[in-house]
Amino acid sequence: MCLFEHDARVLLCRGYDKVRDEHFYRVPGGHVEFGERAEEAVRREIQEELSSDVDDLAFHEVVENIFEYQGTPGHEIVFMFTGRLANQTLYDKSPITYTEDDGSIHEAVWVPAADVFSGGARVYPVCNYGAILS
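Reading the values: rules and limits
- Throughout, residues of each chain are indexed from 1 in the direction in which the sequence is written.
- In keeping with the predicted nature of the model, local features appear solely for residues at pLDDT of at least 70, side-chain atom pairs appear and are counted solely at 80 or more, and the whole-chain, interface and lining totals rest on all residues.
- As a rule here, side-chain values cover all heavy atoms of the structure and leave hydrogens and water aside.
- Segments assigned H or I by DSSP are reported as helices when at least four residues long, segments assigned E as strands when at least two residues long, and all are numbered from the N terminus.
- Contacts are assigned to residue pairs with any non-hydrogen atoms lying within 4.5 Å of each other.
- Residues form patches when they are more than 30% accessible in relative terms and have no salt bridge. Like charges link within 9 Å. Nonpolar side chains (Val, Leu, Ile, Met, Phe, Trp, Tyr) link within 5 Å.
- Here the Shrake-Rupley method, with its probe set to 1.4 Å, supplies the accessible areas, and only the displayed protein chains count as covering residues.
- Salt bridges, as used here, are contacts in which a Lys or Arg side-chain nitrogen is within 4 Å of a carboxyl oxygen on Asp or Glu.
- Note on exposure labels: buried denotes an accessible area under 20% of the residue type's maximum, exposed denotes more than 50%, and partly exposed covers the range between, all computed with a 1.4 Å probe on protein chains only.

A. Spatial organisation of the side chain of Ser-52. Relative to the elements of secondary structure, Ser-52 occurs in the loop between helix 1 (38–50) and strand 5 (54–69). The contact partners of Ser-52, leaving out residues within four places of it in the chain, are Ile-46, Gln-47, Leu-85, Ala-86, Asn-87 and Leu-90.

B. Here's a closer look at a nonpolar patch on the surface. Where nonpolar side chains cluster on the molecular surface, the patch consists of Phe-59, Val-62, Ile-77 and Phe-79 and spans about 360 Å² of accessible area. Breaking the nonpolar patch down by element, the ones donating at least two residues are strand 5 and strand 6 (72–85). Along the chain, the position of Phe-79 falls in strand 6.

C. Seen up close, the pattern of salt bridges. A full pass over the atoms with the stated rule returns eleven salt bridges. Note that Arg-14 is salt-bridged to Glu-107, the shortest N-O span being 2.4 Å. Highlighted residues: Arg-14 in strand 3 (residues 9–17) and Glu-107 in strand 8 (residues 105–112), separated in sequence by 93 residues. Under the relative-accessibility criterion, Arg-14 is labelled partly exposed at 44%. Residue Arg-26 pairs with Glu-49 through a salt bridge whose shortest N-O separation is 3.1 Å. In this pair, Arg-26 sits in strand 4 (residues 22–26) while Glu-49 sits in helix 1, placing the two residues 23 residues apart along the sequence. Judged on exposure class, the residue Arg-26 and its partner Glu-49 are both buried.

Shown next, in the form of structure tokens:
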């Protein structure tokens, strides 16, 4: 997953858990495919989701996330990166609409960084975003 911060805003993907009736955000990115390194995966996922390359990609930490989504338990190991979007037009666009491989349509939006750092915005995976982005 990769965090992008610009003008005191953080780019996050909207999510909704219908079982919990909970709106939330997630960090852009996705899964690592077999034989792929974490850095390669984040670059591929950002290209797929946001149609942008990533400049200045930097690894920060690993976050272990045990969760439940749509009533199903999950467990993931997240490699957290930061970077800059090569496609500069995305910094002025919100929402950014994209389509996943399964045909589902999603949105990424710019969220005030203060809301992310304070916990006012529910962001998954849970971690100290202020420490990563400072």
